[in-house]
Amino acid sequence: MNTVVAQLQRQFQDYLVSLYQQGFLDNQFTELRKLQDEGTPDFVAEVVSLFFDDCSKLINSMSRSLERPENVDFKQVDSGVHQLKGSSSSVGARRVKNVCISFKECCDVQNREGCLRCLQQVDYEYKMLKTKLQDLFNLEQQIVQAGGAIPQVNIN
Amino acid sequence: MALGDLSSSSTSELHVLAVDDSIVDRKVIERLLRISACKVTTVESGTRALQYLGLDGDKGSSGLKDLKVNLIVTDYSMPGLTGYELLKKIKESSAFREIPVVIMSSENIQPRIEQCMTEGAEDFLLKPVKLADVKRLKELIMRGGEAEQEKTSNLISSPKRILQNNIFFFFIIFFIITIIVIFIV
């Protein structure tokens, strides 16, 4: 039983580290994990869930704004990118945040094609992250169900 | 009035009003503050913040809050009322201008920071906000509260001290006169 827990913990640790190494997550995710404890074991999952809902909503509204080439509301798109950049930064979603930086640049020069490319990329990145984090939370759950504790992982 | 409130809250928890239009940021700041042993109320706009404080001109809404607010933490970029405009409204109000206001922003724009500090902001936090930022902030506010308390207690006791000094003075005079009288006799 103990080795099962140890194995799961090892898996969890390696997976989390790989997410940082591949640039999916940054230090702010570590900060969020610090705020989670036995009393609030789902805090991180809840925050990222809100983030993914936010992504979906913002991407939809920006897509509508970019739809007709002759009538693009760049102000609205810029506002959406700003919000997305802010919330991705708050949860440590590094790749999503980085796409937002390029996205903002396209907005500033009113480059509709560039905006559409960034929109597609941001959609891809948030969905990818969602899958990765779901796998991570599943591992967490397995550890807890096996009677183990979630390891503190040091990212340096 | 504000000083009195600070003295009662320095022994108990700070009540923080957090203002942010982002639901993600509201959840994070709420947790950061709760973990730092603060009571938290979150609202999603400057307008709602003013309503909560009872500053929106609608007299009926001032009964909404059940706890005195000791600190306001607000995002800068919000639709409608910005954090800066909210700061101004709070500092313009005689009832609430003593409440420290902290501005948060994801953008490190020096003129913006200066503008807020000039208007009376207590501090300016760069997002994303971390636990260390909130802990430092709390210490700042609590120390400010204690300093206010000391000032208040000094003000209260100085009339007493003046009286005590006077009484002491009179005793000296009386004693000297007694000595002189004894000497004469």
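Computed from a predicted model, the values in this text were never measured in an experiment.

A.B. asks: I'd like a description of the interface of chain A and chain B, backed by residues and values.
C.D. replies: Listed by partner, the interface residues are 20 residues for chain A and 16 residues for chain B. For the pairing of chain A and chain B, the buried interface totals around 1,500 Å² over both sides, and the portion due to carbon and sulfur atoms is 65%. Interface area lost by chain A to chain B is led by Leu-35, Leu-50 and His-82 of chain A, which between them contribute 33%. At the surface where chain A touches chain B, the tally comes to two salt bridges.

A.B. asks: Break down helix 2 (residues 27-34) of chain A for me, with residues and values.
C.D. replies: Residues and elements named next belong to chain A. Most of helix 2 sits out of view: six of its eight residues are buried. Listed in full, the buried residues belonging to helix 2 are Gln-28, Phe-29, Thr-30, Glu-31, Leu-32 and Arg-33. The distance from a side-chain oxygen at the start of helix 2 to the backbone nitrogen of Gln-28 is 3.0 Å, and the residue carrying that oxygen is Asp-26.

A.B. asks: Tell me about unusual backbone geometry, residues and numbers included.
C.D. replies: Trans is the common state for peptide bonds, and a negative phi is the common state for residues other than glycine. Note that the residue after Lys-127 of chain B, namely Pro-128 of chain B, is joined by a cis bond; omega there is 5 degrees. On the secondary structure map, Pro-128 of chain B appears in the loop between strand 5 (123-126) and helix 6 (131-184). Backbone geometry places Gln-110 of chain A, a non-glycine residue, at a positive phi of 55 degrees. Positionally, Gln-110 of chain A belongs in the loop between helix 5 (94-108) and helix 6 (112-145). The phi torsion at Ala-37 of chain B lies on the positive side, around 60 degrees, for a residue other than glycine.

A.B. asks: How would you summarise the sheet that holds strand 3 (residues 71-75) of chain B if you had to cite specific residues and measurements?
C.D. replies: Residues and elements named next belong to chain B. Read from one edge to the other, the open sheet built from five strands follows the order 2-1-3-4-5, with strand pairing classed as parallel. Only two strands of the sheet have a single neighbouring strand rather than two, namely strand 2 (38-43) and strand 5. Neighbour-to-neighbour, the strand axes of this sheet turn through a mean angle of 20 degrees, independent of strand direction. Sheet topology places strand 3 next to strand 4 (residues 101-105); four bridges connect them, and they run parallel. Each bridged residue has a counterpart across the sheet, and for Val-73 the counterpart in strand 4 is Val-102. Helix-sheet contacts for helix 3 (residues 46-53) involve strand 1 (14-19), strand 2 and strand 3, and the interaxial angle to strand 1 is about 145 degrees. Each of strand 4 and strand 5 is contacted by helix 5 (residues 110-118), which is oriented at about 150 degrees to strand 5, the strand it contacts most.

A.B. asks: Kindly report on the UniProt feature "modified residue: 4-aspartylphosphate" (unreviewed entry) in chain B, identifying the contributing residues and their values.
C.D. replies: Residue and element names in this part refer to chain B. Mapped onto the present numbering, the UniProt feature "modified residue: 4-aspartylphosphate" (unreviewed entry) falls at Asp-75. Along the chain, Asp-75 falls in strand 3. What makes Asp-75 buried here is its relative accessible area of 6%. Once residues within four sequence positions are removed from consideration, Asp-75 is found in contact with Val-19, Asp-20, Asp-21, Gly-83, Met-104, Ser-105 and Lys-127.

A.B. asks: Let's hear about the packing of helix 3 of chain B against helix 4 (residues 83-92) of chain B: which residues, and what values?
C.D. replies: The angle between the axes and the distance between the axes are what describe a pair of packed helices. Residue and element names in this part refer to chain B. Between helix 3 and helix 4, whose axes approach to 10 Å, the crossing angle comes to 20 degrees. Overall, the two elements helix 3 and helix 4 adopt an arrangement that is roughly parallel. The hand of the helix 3/helix 4 crossing is right-handed. Contact with helix 3, carried on its side by Gly-46, Ala-49, Leu-50 and Leu-53, involves Leu-86, Lys-89 and Ile-90 of helix 4 and no other residues of that element. Classifying every residue of the contact of helix 3 with helix 4 by side-chain character gives five nonpolar, one polar and one charged.

A.B. asks: Hey, could you go over the pattern of salt bridges for me, with residue numbers and the actual values?
C.D. replies: Here the structure, examined in full by the defined rule, presents 19 salt bridges over all chains. Between Lys-97 of chain A and Asp-26 of chain A there is a salt bridge; the shortest N-O distance is 3.8 Å. Remark: Asp-26 of chain A occurs in the loop between helix 1 (2-21) and helix 2 and Lys-97 of chain A occurs in helix 5; sequence separation between them is 71 residues. Two residues, Glu-13 of chain B and Lys-39 of chain B, come together in a salt bridge whose shortest N-O distance is 3.1 Å. Within this pair, whereas Glu-13 of chain B is found in the loop between helix 1 (2-9) and strand 1, its partner Lys-39 of chain B is found in strand 2, the two being separated by 26 residues in sequence. A relative accessible area of 36% places Glu-13 of chain B in the partly exposed class.

A.B. asks: Let's hear about the UniProt feature "domain: HPt" (unreviewed entry) in chain A: which residues, and what values?
C.D. replies: Under the feature "domain: HPt" (unreviewed entry), the UniProt entry names residues 40-143 of chain A. Helix makes up 86% of residues 40-143 of chain A and strand 0%, and the two end C-alpha atoms of the span are 16 Å apart.

A.B. asks: Go over the environment of Ile-72 of chain B, please, and point to the residues and values.
C.D. replies: Locating Ile-72 of chain B in the fold gives a position in strand 3. Not counting residues up to four positions away in its chain, the partners in contact with Ile-72 of chain B are Leu-17, Val-19, Leu-53, Ile-90, Ile-99, Pro-100, Val-101 and Val-102 of chain B.

A.B. asks: Any details on the UniProt feature "modified residue: Phosphohistidine" (unreviewed entry) in chain A? Residues and values, ideally.
C.D. replies: Residue and element names in this part refer to chain A. Per the UniProt entry, the sites bearing "modified residue: Phosphohistidine" (unreviewed entry) are His-82 in this numbering. Take His-82: it is sitting in helix 4 (residues 74-91). Owing to a relative accessible area of 30%, His-82 belongs among the partly exposed residues under this scheme.

Here is what the cut-offs are and how they apply
Residues numbered from 1 in each chain as written. Chains lettered and ligands numbered in written order. Predicted model: local features only at pLDDT ≥ 70, side-chain atom pairs only at ≥ 80, totals over all residues. Heavy atoms only, no water. Contact = heavy atoms within 4.5 Å. Buried area = accessible area lost by both parts, 1.4 Å probe. Salt bridge = Lys/Arg side-chain N within 4 Å of Asp/Glu carboxyl O. Buried < 20%, exposed > 50% of the residue type's maximum accessible area, 1.4 Å probe, protein only. Helix = DSSP H or I, 4+ residues; strand = E, 2+ residues; numbered from the N terminus. Polar contact = N/O pair within 3.5 Å; in protein donor to acceptor, adjacent residues only side chain to side chain. Pairing = 2+ DSSP bridges. Axes fitted to C-alpha atoms, helices over the stretch in contact; angles between N-to-C directions. UniProt positions renumbered as here; feature names shortened; annotations may be inferred. Parallel < 35°, antiparallel > 145°, perpendicular 65-115°, else oblique. Left-handed = near helix turned anticlockwise from the far one by under 90°. Nonpolar A, V, L, I, M, F, W, Y, C, P; charged D, E, K, R; others polar.

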